[in-house]
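Commentary on secondary and tertiary structure
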Protein chains: 8
Amino acid sequence: MEQSDMRRLLQGIADGSISIDDAMLYIKTEPFSDLGYAKPDYHRSVRQGVPEVIFGQGKTAEQIIGITNALLQHGQQTVLITRLDKEKAEAVKRGISLTYYETGRIGIAGEMPKMRKGKIVIATGGTCDMPVAEEAALTAEVLGNNVVRLYDVGVAGIHRLLSHTEELMSARVIIAIAGMEGALASVVGGIADCPVIAVPTSVGYGASFGGVAALLSMLNSCASGVSVVNVDNGFGAAYQASMINRMGDD
Amino acid sequence: MEQSDMRRLLQGIADGSISIDDAMLYIKTEPFSDLGYAKPDYHRSVRQGVPEVIFGQGKTAEQIIGITNALLQHGQQTVLITRLDKEKAEAVKRGISLTYYETGRIGIAGEMPKMRKGKIVIATGGTCDMPVAEEAALTAEVLGNNVVRLYDVGVAGIHRLLSHTEELMSARVIIAIAGMEGALASVVGGIADCPVIAVPTSVGYGASFGGVAALLSMLNSCASGVSVVNVDNGFGAAYQASMINRMGDD
Amino acid sequence: MEQSDMRRLLQGIADGSISIDDAMLYIKTEPFSDLGYAKPDYHRSVRQGVPEVIFGQGKTAEQIIGITNALLQHGQQTVLITRLDKEKAEAVKRGISLTYYETGRIGIAGEMPKMRKGKIVIATGGTCDMPVAEEAALTAEVLGNNVVRLYDVGVAGIHRLLSHTEELMSARVIIAIAGMEGALASVVGGIADCPVIAVPTSVGYGASFGGVAALLSMLNSCASGVSVVNVDNGFGAAYQASMINRMGDD
Amino acid sequence: MEQSDMRRLLQGIADGSISIDDAMLYIKTEPFSDLGYAKPDYHRSVRQGVPEVIFGQGKTAEQIIGITNALLQHGQQTVLITRLDKEKAEAVKRGISLTYYETGRIGIAGEMPKMRKGKIVIATGGTCDMPVAEEAALTAEVLGNNVVRLYDVGVAGIHRLLSHTEELMSARVIIAIAGMEGALASVVGGIADCPVIAVPTSVGYGASFGGVAALLSMLNSCASGVSVVNVDNGFGAAYQASMINRMGDD
Amino acid sequence: MEQSDMRRLLQGIADGSISIDDAMLYIKTEPFSDLGYAKPDYHRSVRQGVPEVIFGQGKTAEQIIGITNALLQHGQQTVLITRLDKEKAEAVKRGISLTYYETGRIGIAGEMPKMRKGKIVIATGGTCDMPVAEEAALTAEVLGNNVVRLYDVGVAGIHRLLSHTEELMSARVIIAIAGMEGALASVVGGIADCPVIAVPTSVGYGASFGGVAALLSMLNSCASGVSVVNVDNGFGAAYQASMINRMGDD
Amino acid sequence: MEQSDMRRLLQGIADGSISIDDAMLYIKTEPFSDLGYAKPDYHRSVRQGVPEVIFGQGKTAEQIIGITNALLQHGQQTVLITRLDKEKAEAVKRGISLTYYETGRIGIAGEMPKMRKGKIVIATGGTCDMPVAEEAALTAEVLGNNVVRLYDVGVAGIHRLLSHTEELMSARVIIAIAGMEGALASVVGGIADCPVIAVPTSVGYGASFGGVAALLSMLNSCASGVSVVNVDNGFGAAYQASMINRMGDD
Amino acid sequence: MEQSDMRRLLQGIADGSISIDDAMLYIKTEPFSDLGYAKPDYHRSVRQGVPEVIFGQGKTAEQIIGITNALLQHGQQTVLITRLDKEKAEAVKRGISLTYYETGRIGIAGEMPKMRKGKIVIATGGTCDMPVAEEAALTAEVLGNNVVRLYDVGVAGIHRLLSHTEELMSARVIIAIAGMEGALASVVGGIADCPVIAVPTSVGYGASFGGVAALLSMLNSCASGVSVVNVDNGFGAAYQASMINRMGDD
Amino acid sequence: MEQSDMRRLLQGIADGSISIDDAMLYIKTEPFSDLGYAKPDYHRSVRQGVPEVIFGQGKTAEQIIGITNALLQHGQQTVLITRLDKEKAEAVKRGISLTYYETGRIGIAGEMPKMRKGKIVIATGGTCDMPVAEEAALTAEVLGNNVVRLYDVGVAGIHRLLSHTEELMSARVIIAIAGMEGALASVVGGIADCPVIAVPTSVGYGASFGGVAALLSMLNSCASGVSVVNVDNGFGAAYQASMINRMGDD
């Protein structure tokens, strides 16, 4: 049940086209059902304006199919499945109709939103950060945002980044994705005048500790206006970026 | 030079009231001066829409006075000095006119902005998180935002938090501040439908490691829409929250 | 030799039905035998009221069969084998009769206890915590406790947890199992009025560090009445929970 | 309002001695009040059977006095203040009547409970663990438990511990407190047949990392039936031990 | 060249049976040769009384064969190869005559010493510590020591350890090997009156961090007379134990 | 475009052989092109005097081929590809002509420089450090330096290192590569009178933490003149060593 | 009661000069008494051949005086008090006769042993390691060992160490004490042919982490025959060194 | 004895002006003397071309005076004392003539070198990094180098750094000093064409961990040509920078 459905329902009550009993029946369906292994949340888009998302890792293909079907049947139009590896995606496809994006390990069931708003810039330090960047980009698009991809603009060749200053300045939100020393977030944060969400990636070697070096770097950024999400959490960054980007329209 | 000053300048050129040479002279003044120990950035409010802020820790009272004067003389209306302990504030007061807020360790020179917009909710887990919360609250107010303080609503007594659901739902941004296990961010993130910026605090003992337990907890939040700033970084959270809150007005 | 066997033996001496010499012979059998690679403890159920358990990881199938047989021959009625992966379980099954539970990686030889007492509630934050939860649940059942499973009630959708308040309030002990930020333990600890044993799980990614983020979160819980066991240690939680639950009956 | 008060209230309604309106008025008083800096929880003893406790560290003497008075006025009979250093205790004493225990850094306002039940054994590895042990012992006594102190029985001289086997075997719960390598918890856990709550202490030097070595040791205990609380958290251990000990009586 | 060979050489010079020139030639052969990938040390047994040992991990089978042959040709009687996995051992066997011990991952070329001296006790906490224990035991035997194996005597069942007090008291050196919480070292150190060398093992799970919990525990041992070697370093412990054990004979 | 090409271009302008327009056209070609997945930097050898290098790890064979071709077409003579595993090298070879060095995981496209200058000594602690050493050695050779390899001269047999004092004293730069405790860097730093670049390697076991022990050891070196690069970063050490070595010639 | 006293007692029984009853009385005195805050161990020198030592840190002067008196009254001839800061030593001196060594923070009550045996070499990396070295040296002397001090022979100037090779070669045990990168242990371990006990010190700065860098370095030593004690634990090293040194005499 | 003195000595022998016996006497004086607490190295400037430096921290004023005098008497012209706090400097001044620089905590005895060569640029991220920068700058000047100070050019305002591109491009070596996220090193490394030595500083708060965040950031720099020294080690960076800078002149 999308937020607009709820509004229509309430208007239906107001103008008499829907009886209070029918409305109550519709609303009273408990907001989550108990599948045993999971309790999908059907009212999330009412409460938070964003549909329920399935974190694919650690769930079986059967569980994913089950939850997706439950969500679609309760009126959710698009179901986003993250951290879905290729093999499991194949298995899920045997149960439901699914579009799969391999680089970002994203599966999408249902229709993509047709209207996109605002502008989220997604910048990466290097080519290797692409899987995280694509997770973010696809999530942002599913949530109805315009996305500009700016890949491989790391600070070791600062002119590559500076040649895109205009794009950075026109963004409503920037997602800065980088592994290794994660300096991209600070430099972008120093140039841009919008919120920057930094995503450390586990790209690197030696004492990068699976992204911890970049994470610490980003948390300690000397630039203001930068906040951080977990290592490799492209989804989380895009989710918050979408919330911020859409505020510009309301 | 505030962003609106720049616009007026350019309009002056457009309508002929300002000669191009005068404008060039005004603009060409280098955007930062070199005080030897510091290079304050006078054009920051043009570039980023927010005035330059002084991080007080590790600077002498003389340096703070010097930088503040330089900023005021270049037209900045309010100068915010963070991490300013009481003793140093006394010393600074001997050089410039300053309002000092002890709990938040904040000093303010110049005039406070009269107009405040939107709504930022600042929630804390406990009484001990107040210094960080006040740093955030005062920063947000200096930057022109309305602030609602919601202190001591930690999850160990979840009913204290739930009794404020309405306030959480009406916020444009929430800053969730907590030490110990930092669970506040996840619970708030699960309830609210706006961006949540989580601030771990160094409140705690034993294996809290000066805020690292809360930091990790917040980074790993199972709620979507939560990003994190550094331990005790009330300023950083408020700075980004202000950017987001003000987007709702543009 | 279960604790009740020992009592019967001593009563036999008291009422003259067993000669002191026979009793001595029975008791003097050294309380553990030396299998070379292991020294199973036959008197454990006498000393601690709970039978010896086999930690399957790092032992060969042959060693597990050997220890199980030694325990069964010394009168232990149920032998619980934990951390037993599927392949090794197959190998063990070729040597002894075994019931295997794949999700919890538990093998059980001998008879399950028929009488179950009290009530242990096992709550998990997400679907992915099920392997740890099932290890706990099956252990608790083998040790003679009633178990209520409450899965996927994580704090990001706090209403899912709150809808089970009644069950939480009627438990004698609660085992709270969660990965990621582990906030479940604090929220449950704030609601319940019985001891809560928290189990961090290695579920998560990025800076969850294989369960350390959840572990720290739980150790720093702002709720009272919460203690913690090692990451993924469902067995350990259930073992202590059983000790506590059974106190209510004595 | 203690739990028994609530029962009496409800019985009063049942037998007609109290009108429903009066009862509603009494109950509806909001369960916590807002002192601005804190929201003390007056219904905690109803919900959890244990009165609200004040964590003294990080609160001013004025705040402690304010919260204590609020709790006493709402009918709580004993107020326990933990982590109260000597100097602050003196300041609090100027505002309210307080008994102060220096070693355990505990302050107690109101009357001590006269009835004590069951048996909690508190064992320490060394003389230096006494501050944590006394925090635990006094907390347990305030909560109405009999306490046996067994100090300086560390495993380096195992005979000192073994000479107290009888006391360990007759306990309902044992709190094992140790710094350095924290081995006490494992040895006690191997001997006893009741739940053991382990408390690592920050006693030690070199690579003890302020109690982390002992913490890890206890979490990894090879003995079953051991759970752990935070470093130096004598209060937390005693709180849970009290919950468990009192189950034996119900 | 063993230490006794050198002594014989020098005595030959003293009694005129060997010319100084011949002796010089023999000694002057450079003490190590350069195989390109390695520089085996032929005079080690002269300098340190113990033959050169090959650390097998990270070397190819070819390199191991090359170094072994070089050592045997320079008169070393036994060549010990540690950390030699099964597959590589097979490959080495195709080049030289080798006895392989799988549990301890040890290969031995040349003859085993016939005389063994003194008494080294090797105690382990559990069955899973056997690979490290066997690495230690075989190393000690190659170096000419009598070894007593005492496996699975961990502190969770302290009576298993105490029943071997006599053996512990008669040792010249004890190697205490344990994973998980590593408490064995402290308890053994408290009982024994000889040096104890503690070896943490990577056995464990959750917050054992691959042996770090046991390592810290052992370093912080409250028992005197305990020193520690690296995680899983059975060889290193046996090497030093051998040095100590043989001092008793000189 | 190599640095000398640029000089020739500028001289061409100076002596009239090249028109300014042609020169501008040549220079204005944007210094990096956008391959979508990467933005190779063609002017790097102009700006920094060293050609662009491809970090092979985390890039597909197709991406490597694409970038290599782009670089060769823009006039770079040698393309160095690091962290290229054997399988991917085979795939790359199917697209471009490549010489592959397996131990150092290095691929080289184009011609090797014919002139080599100065002297870089590369010393390793053990045989197992060879992969990192070869990455350094080949990189240094590609960048036009003479290299002396000094492998397996670790400090446990200090005479092996001391027998090479002369070579160490005649170097312009030394790269000291060691795992385990990394003491090589300190001893070499104490002997040599030229800069020492230390490279910790991930060789080791137990508490070596994948090279962190060696890294910390090298950062804390008591010898002056030692700086450190990341764990296993043979390329980085060689790159800086080349910069230093070539200064001796200018 | 020293070990020789016990022997005399038993011989007295054997030759009839002491009645069995008197002997029993003497022996049966419980081996430790309970001072409330401590349980000093009077039979330690019987069990372990070394008298009870008092760890001064974390004990009050009164407690130290009490334990010292109890030990002296039970026949211990020398009482060693470690980690005794100057101020507390002054306070202890007011209660008992004490010799205080400030650098090593050691207090000694009773008579020093007159006979010293064998040879323990104590080597330090720098001048700053002296406090730990003196703690070790004085402990070793109290326990009856000859000690050779070799201070400031760190590896950055390897010739300083090499000029003492003879002394290192003639030692029965070497204690190698160093902070910073702790390389001394490896180099000494490579030269010497006796056991080396390494003591990391907390001397250093930056990423030395209070001795952890040196500790890791020593644990990962590539030299054989090296074991390690805790950071700054001069006492522990000397205690074990004494055990080893005295084996050479028996 | 400076390196040039040695050369003169040897030439004296060659031309007969110095007898071999006198030369031998002069040279044979042992290269370090034993002051008991220290062994200053008089031949260091011969061996390494740089005079012995005194690390002041952890040494008493008396020890510093003693070592300085010994060095001056053996012909060293300038003695540099680092990490010398103000109070200790006062005490040292009472024993010897000393120039003290408070910001860099540097003391200098003897004459400053008159000739300076080359160009070392020292850049800092912020005003707070000045103590480390001054330690580096003064060290470099004592060692005979020209130094350019470029303070407060951190990446949050990238234009401040870019306005100094010319100075960075003309340096022979750059020392990049920064705390917080340490991104300065990567950006400088991407712009410059000379070696960059990065110095992390302990400036920062929250999860900066006393400089570890900056340290990790710098070690993981995506720019080539960057090596790192220990946190706050301005001296070490300058020492190596001096070695490199002076190569350009030989």
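Keep in mind that what you see is a predicted model, and the values were worked out from it rather than measured. (Residues numbered from 1 in each chain as written. Chains lettered and ligands numbered in written order. Predicted model: local features only at pLDDT ≥ 70, side-chain atom pairs only at ≥ 80, totals over all residues. Heavy atoms only, no water.)

**With respect to the environment of Ile64(E)**
All names here are of chain E.
- Topologically, Ile64 is positioned in helix α4 (residues 61–73).
- What makes Ile64 buried here is its relative accessible area of 0%.
- Measuring from C-alpha to C-alpha, the distance between Ile64 and Lys88 comes to 9.5 Å, with 24 residues separating the pair along the chain. (Helix = DSSP H or I, 4+ residues; strand = E, 2+ residues; numbered from the N terminus. Buried < 20%, exposed > 50% of the residue type's maximum accessible area, 1.4 Å probe, protein only.)

**A short note on unusual backbone geometry**
- Phi at Phe209(G) takes a positive value of approximately 50°, unusual for a residue other than glycine.
- Of note, Phe209(G) is situated in the loop between β8 (196–200) and α10 (212–219).

**Here we look at the interface of chain G and chain E**
- If you look at the interface, chain G gives 33 residues, while chain E gives 32 residues.
- For the pairing of chain G and chain E, the buried interface totals around 2,600 Å² over both sides, and the portion due to carbon and sulfur atoms is 54%.
- At the junction of chain G with chain E, the criterion picks out zero salt bridges.
- Counting across the interface, chain G meets chain E through twelve residue pairs in polar contact (both at pLDDT 80 or more).
- Taken together, the elements giving at least two residues each to the side of chain G that touches chain E come down to α3 (44–48), α9 (184–191), α10, β9 (226–228) and α11 (234–247) of chain G.
- Here the side of chain G that touches chain E takes seven residues from α11(G), the largest share from any one element.
- Considering only residue class, the side of chain G that touches chain E consists of 16 nonpolar, twelve polar and five charged. (Contact = heavy atoms within 4.5 Å. Buried area = accessible area lost by both parts, 1.4 Å probe. Salt bridge = Lys/Arg side-chain N within 4 Å of Asp/Glu carboxyl O. Polar contact = N/O pair within 3.5 Å; in protein donor to acceptor, adjacent residues only side chain to side chain. Nonpolar A, V, L, I, M, F, W, Y, C, P; charged D, E, K, R; others polar.)

**Some words on the packing of helix α4 (residues 61–73) of chain H against helix α5 (residues 86–93) of chain H**
Residue and element names in this part refer to chain H.
- At a closest axis distance of 9 Å, the pairing of α4 and α5 adopts a crossing angle of 50°. Classified by the interaxial angle, the pair formed by α4 and α5 is oblique. Relative to α5, the crossing made by α4 is right-handed. Here Ala61, Ile64 and Ile65 of α4 lie close against α5, whose contacting residues are Lys88, Ala91 and Val92.
- Broken down by class, the residue content of the contact of α4 with α5 amounts to five nonpolar, no polar and one charged. (Axes fitted to C-alpha atoms, helices over the stretch in contact; angles between N-to-C directions. Parallel < 35°, antiparallel > 145°, perpendicular 65-115°, else oblique. Left-handed = near helix turned anticlockwise from the far one by under 90°.)

**What about the interface of chain F and chain E?**
- Taken together, the contacts link 15 residues of chain F with 19 residues of chain E.
- In terms of surface lost to chain E, no three residues of chain F exceed Thr127(F), His159(F) and Tyr205(F), which account for 40% of the buried area on that side.
- At the junction of chain F and chain E, the tally comes to zero salt bridges.
- Applying the counting rule to chain F against chain E returns one residue pair in polar contact (both at pLDDT 80 or more).

**A look at the domain arrangement of chain A**
Residues and elements named next belong to chain A.
- Domain parsing of chain A yields domain 1 (31–110) and domain 2 (119–247).
- A C-alpha centroid distance of 26 Å is found between domain 1 and domain 2.
- Of the residues lining the interface, 14 residues belong to domain 1; the matching set on domain 2 comes to twelve residues.
- Of the roughly 1,100 Å² buried where domain 1 meets domain 2, counting both sides, 73% is carbon and sulfur surface.
- Seen at the junction of domain 1 and domain 2, the total is one salt bridge.
- The tally of links from domain 1 across to domain 2 stands at two residue pairs in polar contact (both at pLDDT 80 or more).
- Taken together, the elements giving at least two residues each to the side of domain 1 that touches domain 2 come down to α3 (44–48), β2 (78–82) and β4 (106–110). (Domains from an automatic or database assignment.)

**With respect to the pairing of strand β2 (residues 78–82) of chain C**
Residues and elements named next belong to chain C.
- Of all five residues in β2, five are buried; the element is thus mostly enclosed.
- Because side chains alternate across β2, one face comprises the buried residues Thr78, Leu80 and Thr82, and the other comprises Val79 and Ile81, equally buried.
- Handedness of the crossover joining strand β1 (residues 54–55) and β2 through helix α4 (residues 61–73): right-handed.
- In the sheet, β2 pairs with strand β4 (residues 106–110) via four bridges, with the strands oriented antiparallel. Counterpart to Thr78 in the pairing with β4 is Gly110. (Right-handed = clockwise from strand over helix to strand, strands pointing away. Pairing = 2+ DSSP bridges.)

**Some words on the packing of helix α6 (residues 130–142) of chain E against helix α11 (residues 234–247) of chain E**
All names here are of chain E.
- Taken N-terminus to C-terminus, the directions of α6 and α11 make an angle of 35°; their axes are 7 Å apart at the nearest point. In this structure, α6 crosses over α11, and the sense of that crossing is right-handed. Side by side, α6 and α11 meet where Val132, Glu135, Ala136, Thr139 and Ala140 of the first sit next to Gly234, Phe235, Ala238 and Tyr239 of the second.
- For the contact of α6 with α11, a count of residues per class yields six nonpolar, two polar and one charged.

**A word on the confidence of the model for chain A**
- Across chain A, pLDDT averages 85, with 81% of residues at or above 70.
- Interface confidence for the predicted complex, expressed as ipTM, amounts to 0.84; the pTM equals 0.85. (pLDDT = per-residue confidence, 0-100.)

**Comments concerning the relation of the copies chain F and chain E**
- In the superposition of chain F on chain E (RMSD 0.1 Å, axial shift 0.1 Å), the rotation amounts to 90°. As the rotation angle and translation indicate, the two copies are arranged about a four-fold axis. Identified as the residue of chain F closest to the rotation axis by C-alpha distance is Phe209(F), at 7.2 Å. (Least-squares fit on C-alpha atoms with pLDDT ≥ 70 in both.)

**Topic: the sheet that holds strand β3 (residues 99–101) of chain B**
- Pairing is mixed in the open sheet, where four strands are placed in the order β1-β2-β4-β3 (chain B). Each edge of the open sheet carries a strand with a single partner, namely β1 (54–55) and β3 of chain B.

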